[in-house]
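Tertiary structure, described
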Amino acid sequence: DAKTTQPPSMDCAEGRAANLPCNHSTISGNEYVYWYRQIHSQGPQYIIHGLKNNETNEMASLIITEDRKSSTLILPHATLRDTAVYYCIVRVAGGAGNMLTFGGGTRLMVKP
Amino acid sequence: NAGVTQTPKFRILKIGQSMTLQCTQDMNHNYMYWYRQDPGMGLKLIYYSVGAGITDKGEVPNGYNVSRSTTEDFPLRLELAAPSQTSVYFCASSRPFAQGAIIYGYTFGSGTRLTVV
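Residues numbered from 1 in each chain as written. Chains lettered and ligands numbered in written order. Predicted model: local features only at pLDDT ≥ 70, side-chain atom pairs only at ≥ 80, totals over all residues. Heavy atoms only, no water.

Secondary structure summary: chain A contains zero helices and nine strands in total. Written out in order from the N terminus, the α and β elements of chain A read β-β-β-β-β-β-β-β-β. Taking 2.2 N^0.38 as the reference for a compact globule, 112 residues should give roughly 13 Å; the C-alpha atoms of chain A span a radius of gyration of 13 Å, in line with that estimate. Once the C-alpha set of chain A is aligned to its principal axes, its extents read approximately 40 × 30 × 25 Å. A separation of at least 24 residues holds for 57% of the contacts in chain A among residues at least 6 apart in sequence. Summing over all exposed atoms, chain A offers an accessible surface of approximately 5600 Å²; the carbon and sulfur share of this is 50%. For chain A, the distance from the average position of its 10 positive side-chain charges to the average position of its 9 negative side-chain charges is 4 Å. (Helix = DSSP H or I, 4+ residues; strand = E, 2+ residues; numbered from the N terminus. Rg over C-alpha atoms; globule rule 2.2 N^0.38 Å. Contact = heavy atoms within 4.5 Å. Areas by Shrake-Rupley, 256 points an atom, 1.4 Å probe, with all protein chains shown as cover. Lys, Arg positive; Asp, Glu negative; His and termini not counted. Charge placed at Lys NZ, Arg CZ, Asp CG, Glu CD.)

All names here are of chain A. With respect to topology, four strands assemble into an open sheet ordered 2-7-6-5, the strand pairing being antiparallel. Pairing within the sheet leaves two strands with one partner each, and these edge strands are strand 2 (18–23) and strand 5 (55–56). Across four bridges, the pairing between strand 6 (residues 61–64) and strand 7 (residues 70–75) is antiparallel. Bridge pairing in strand 7 links L62 to L73. (Pairing = 2+ DSSP bridges.)

Looking now at the environment of D11 of chain A. Residue and element names in this part refer to chain A. Structurally, D11 is set in strand 1 (residues 9–13). Given a relative accessible area of 51%, D11 falls into the exposed group. Residues D11 and R107, 96 residues apart in the sequence, show an inter-C-alpha distance of 8.4 Å. Reaching out from D11, the side chain makes a polar contact with the side chain of K111 at a distance of 3.1 Å. (Buried < 20%, exposed > 50% of the residue type's maximum accessible area, 1.4 Å probe, protein only. Polar contact = N/O pair within 3.5 Å; in protein donor to acceptor, adjacent residues only side chain to side chain.)

Scanning the entire structure with this criterion turns up two disulfides over all chains. Between C22 of chain A and C88 of chain A runs a disulfide, and the two sulfur atoms are separated by 2.1 Å. As the torsion about the S-S bond is roughly -80°, the C22 of chain A-C88 of chain A disulfide counts as left-handed. Separated by 66 residues along the polypeptide, C22 of chain A in strand 2 and C88 of chain A in strand 8 (residues 84–92) bring together distant segments of the chain. For the pair shown, C22 of chain A and C88 of chain A are each scored as buried. Across a sulfur-sulfur distance of 1.9 Å, C23 of chain B and C91 of chain B are joined as a disulfide pair. Where C23 of chain B bonds to C91 of chain B through sulfur, the torsion about that S-S bond is close to -75°, and the disulfide is left-handed. A residue pair is termed long-range when its members are at least 10 positions apart, and C23 of chain B in strand 3 (residues 19–25) and C91 of chain B in strand 9 (residues 87–94) qualify at 68 residues. (Disulfide = S-S within 2.5 Å.)

The next thing to look at is the packing of aromatic side chains. Taken as a whole and assessed by the stated rule, the structure comprises 13 aromatic pairs over all chains. Ring geometry for Y36 of chain A against F102 of chain A: centres 6.0 Å apart, planes inclined by 70°, an arrangement best described as edge-to-face. Placement of the pair is Y36 of chain A in strand 3 (residues 31–38) and F102 of chain A in the loop between strand 8 and strand 9 (106–111), with a sequence separation of 66 residues. On the basis of relative accessible area, Y36 of chain A is assigned to the buried category, the value being 1%. Cluster of aromatic residues (ring-pair linked, three or more members): Y36, Y46, Y87 and F102 of chain A together with Y33, Y35, Y106 and F108 of chain B. Residue placement shows R68 of chain B over the ring face of F74 of chain B; its charged tip is 5.9 Å from the ring centre. (Phe/Tyr/Trp six-rings, centres within 6.5 Å; stacked < 30°, edge-to-face > 60°. Lys NZ or Arg CZ within 6 Å of the ring centre and 35° of its normal.)

Another aspect to go through is unusual backbone geometry. Residue T7 of chain B is joined to P8 of chain B through a cis peptide bond whose omega torsion reads -5°. Inspection of the secondary structure puts P8 of chain B in the loop between strand 1 (4–7) and strand 2 (10–13). You will see that R68 of chain A, though not glycine, has its phi angle at about 65°, which is positive. Phi at N28 of chain B takes a positive value of approximately 60°, unusual for a residue other than glycine. Structurally, N28 of chain B can be placed in the loop between strand 3 and strand 4 (31–37). Among the residues examined, N28 of chain B registers a relative accessible area of 58% and is labelled exposed.

What follows is the structure, encoded as structure tokens:
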């Protein structure tokens, strides 16, 4: 699975968009980009995933560059409850056991 | 729909004691996982199972054992607790890829906070 690089921490003002970058320059053509978040030591929560196209759901948007070497998770209107550690994970779909490998993530602090 | 349930939520063990961390899911997921998370770190995979009767080692399996006799349950056993096993343990489940694992992602339990003294 491709390695990912994320900034260790970011701040965002409440109500503004939070843009969390992820670099995955060694990504392969059949690898997906997944985003999870972990709020204050709770179990991680699935947010969104993508392969090539930009994706949007009720939680967030995922922008993947054309060369797929980086992506950005966008929380359009961050709230205090979005304060969490955000993990960007790149891996092949399927495979033995569907395992996800978690790195250090980005600690997002949403401030009033 | 309870999802993934872990018990206990907290536990303090003495060095050398044994215990079983319980995990059960009611979503009929084939795949189940155990992760540990040390303070300030990401999650590391201990063991996983792709179905009843089938288990395999993850990244950090030493000091742990698992079993999977039913689809619903995936207990994690610590035989001789050591201070290095002080951590938060998360159980998770998912569908296989062919059944939509990408779309639905993993479902995690709320964790068991274990301290070994």
